[in-house]
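# Report on the structure
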Amino acid sequence: VDAFFLQYPSREHRVAFCAAPVASLVHDLLRHPLERVVAGALPPGTTRPPFIYSRVVLVGHSMGAVVARRALLVPTARTVSTVPTGSTVLPVVTVS
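Residues numbered from 1 in each chain as written. Predicted model: local features only at pLDDT ≥ 70, side-chain atom pairs only at ≥ 80, totals over all residues. Heavy atoms only, no water.

### Section: the layout of surface pockets
Quantified by volume, the largest pocket comes out at close to 680 Å³. What lines the largest pocket is a set of 24 residues, among which Ala-3, Phe-4, Val-57, Leu-58 and Val-59 lie closest to the centre. Looking at the lining of the largest pocket, the elements that each hand over two or more residues are helix H1 (15-31), strand S1 (55-60) and helix H3 (63-71). Residue contributions to the lining of the largest pocket peak at 6 residues, all from S1. A class-by-class count of the residues in the lining of the largest pocket yields 17 nonpolar, 4 polar and 3 charged. (1 Å grid on protein atoms, 1.4 Å probe; cavity = no way out; pocket = protein on both sides within 12 Å on 5 of 7 lines; lining within 4 Å. Points joined across faces, edges and corners; volume = space filled by probe spheres on them. Helix = DSSP H or I, 4+ residues; strand = E, 2+ residues; numbered from the N terminus. Nonpolar A, V, L, I, M, F, W, Y, C, P; charged D, E, K, R; others polar.)

The structure is reproduced here in structure tokens:
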């Protein structure tokens, strides 16, 4: 299990603007996770064999939940949700 925490300018921009990079991240996680996301987060000198995620779960609180849902409406995220490998995008929204 890998966890990624995102930061976006919620005080300066609207939901649609904040959702675009989230949609891009989902696309990269499902199509090119190692090259575009994971490799940059590994300690120097660490390697990891190629892999794909079978599922990506988005968890958001308050505006983050709205941003996560909006990200799934971005065309990039919609096409990724039907990747031929059987990968899926499962939005999980928490409310408190």
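Next comes the rest of the account.
### Section: the pattern of salt bridges
Summed over the entire model, instances satisfying the criterion amount to 2 salt bridges. With a closest N to O distance of 3.1 Å, Arg-36 and Asp-28 form a salt bridge. Residue classification places Asp-28 among the buried positions, given a relative accessible area of 13%. (Salt bridge = Lys/Arg side-chain N within 4 Å of Asp/Glu carboxyl O. Buried < 20%, exposed > 50% of the residue type's maximum accessible area, 1.4 Å probe, protein only.)

### Notes on H3
When H3 is considered as a whole, its buried residues turn out to be Gly-64, Ala-65, Val-67, Ala-68 and Ala-71. All buried residues of H3 fall inside an arc of 160 degrees around its axis, so they share one side. (Arc of directions from axis to C-beta.)

### A short note on the nonpolar core
Among the nonpolar cores identified, the biggest contains 12 residues, and these are Leu-25, Val-26, Leu-29, Leu-30, Leu-34, Val-37, Val-38, Tyr-53, Val-56, Leu-58, Ala-68 and Leu-72. Looking at this core, the elements with two or more residues in it are H1, helix H2 (33-38) and S1. The dominant element in this core, judged by the number of residues it contributes, is H1, at 4 residues. Counting residues in each nonpolar core, the second largest holds 7 residues, with Val-22, Ala-23, Val-67 and Ala-71 among its members. (Core = buried A, V, L, I, M, F, W, Y, C linked by side-chain atoms within 4.5 Å.)

### Brief notes about unusual backbone geometry
Negative phi is the rule for most residues except glycine; trans is the rule for most peptide bonds. You will see that Ser-62, though not glycine, has its phi angle at about 60 degrees, which is positive. Assignment of secondary structure puts Ser-62 in the loop between S1 and H3.

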